[in-house]
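Breakdown of the fold
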Amino acid sequence: VTGVQTCALPICFCDAEGDAVTAKKILDQLDRKVESIGYNGKNLFNILEIINNSLLIIAGRYHGMILGWLFQVKTLPICYSDKMLNTIMDLNSESTFYWMNDLDSMECNINHLLEQITIPKLEESIKNSSKHFAYLDSFYMRKSRGERGQ
């Protein structure tokens, strides 16, 4: 695939945690030039537009992974915690992913990555997520009507 617009994340939320350094390490390994974007507190809509128009996201942050999946973009998670791994296992267990400390073994050919990566089907999870606060909602409604809960 020539001319693939690719977005490499982390969105550099936290330079103190080395996001920019990690992004550079990933970018240096890839077989073609890709864009890395940094969040500066003011460019959220620009970042969302770039993600939406990308064919591949390399997500070094949890929210980059989630945004990629929500926008139905092929996303390669770079896990830094069990939180990311647990989400992958819950929503996209067949996903290709790498651990942050295994970046040296990462597939660097963009075409191969595009072939390997699957986009999770999130409809059921999104539907179920609306029920997460059902008890709290009913409690609040009873309280606002002056009813006492049990």
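The shown structure was predicted, so the numbers you read here are calculated from the model rather than taken from an experiment. (Residues numbered from 1 in each chain as written. Predicted model: local features only at pLDDT ≥ 70, side-chain atom pairs only at ≥ 80, totals over all residues. Heavy atoms only, no water.)

Some words on the packing of helix H3 (residues 62–70) against helix H4 (residues 82–91)
- The contact between H3 and H4 brings their axes to 10 Å, and the two run at 20°. As summarised for this structure, H3 and H4 are arranged roughly parallel, according to the angle between their axes. Here H3 runs over H4; the crossing is right-handed. On H4, the residues that touch Tyr62, Met65, Ile66 and Trp69 of H3 are Lys83, Met84, Thr87, Ile88 and Leu91. (Axes fitted to C-alpha atoms, helices over the stretch in contact; angles between N-to-C directions. Helix = DSSP H or I, 4+ residues; strand = E, 2+ residues; numbered from the N terminus. Parallel < 35°, antiparallel > 145°, perpendicular 65-115°, else oblique. Left-handed = near helix turned anticlockwise from the far one by under 90°. Contact = heavy atoms within 4.5 Å.)

Some remarks on the environment of Leu67
- Mapped onto the elements, Leu67 comes out in helix H3.
- The class for Leu67 is partly exposed, based on a relative accessible area of 23%.
- For the pair Leu67 and Asn52, spaced 15 residues apart in sequence, the C-alpha to C-alpha distance is 8.8 Å.
- Contact partners of Leu67, with chain neighbours within four places excluded, come to Leu48 and Ile51. (Buried < 20%, exposed > 50% of the residue type's maximum accessible area, 1.4 Å probe, protein only.)

Points about the pairing of strand E4 (residues 74–79)
- Counting buried residues along E4, 5 of its 6 residues qualify, which places the element largely inside the surrounding structure.
- The sheet contact formed by strand E3 (residues 56–59) and E4 spans 4 bridges and is parallel. Paired with Ala59 across the two strands is Pro77, which belongs to E4.
- Viewed along the sheet, the connection from E3 through H3 into E4 turns out right-handed.
- Relative to strand E5 (residues 98–99), E4 runs parallel, the two sharing 2 bridges. What sits directly across from Cys79, in E5, is Trp99.
- Between the parallel pair E4 and E5, the chain is carried across by H4, and the sense of this crossover is right-handed. (Pairing = 2+ DSSP bridges. Right-handed = clockwise from strand over helix to strand, strands pointing away.)

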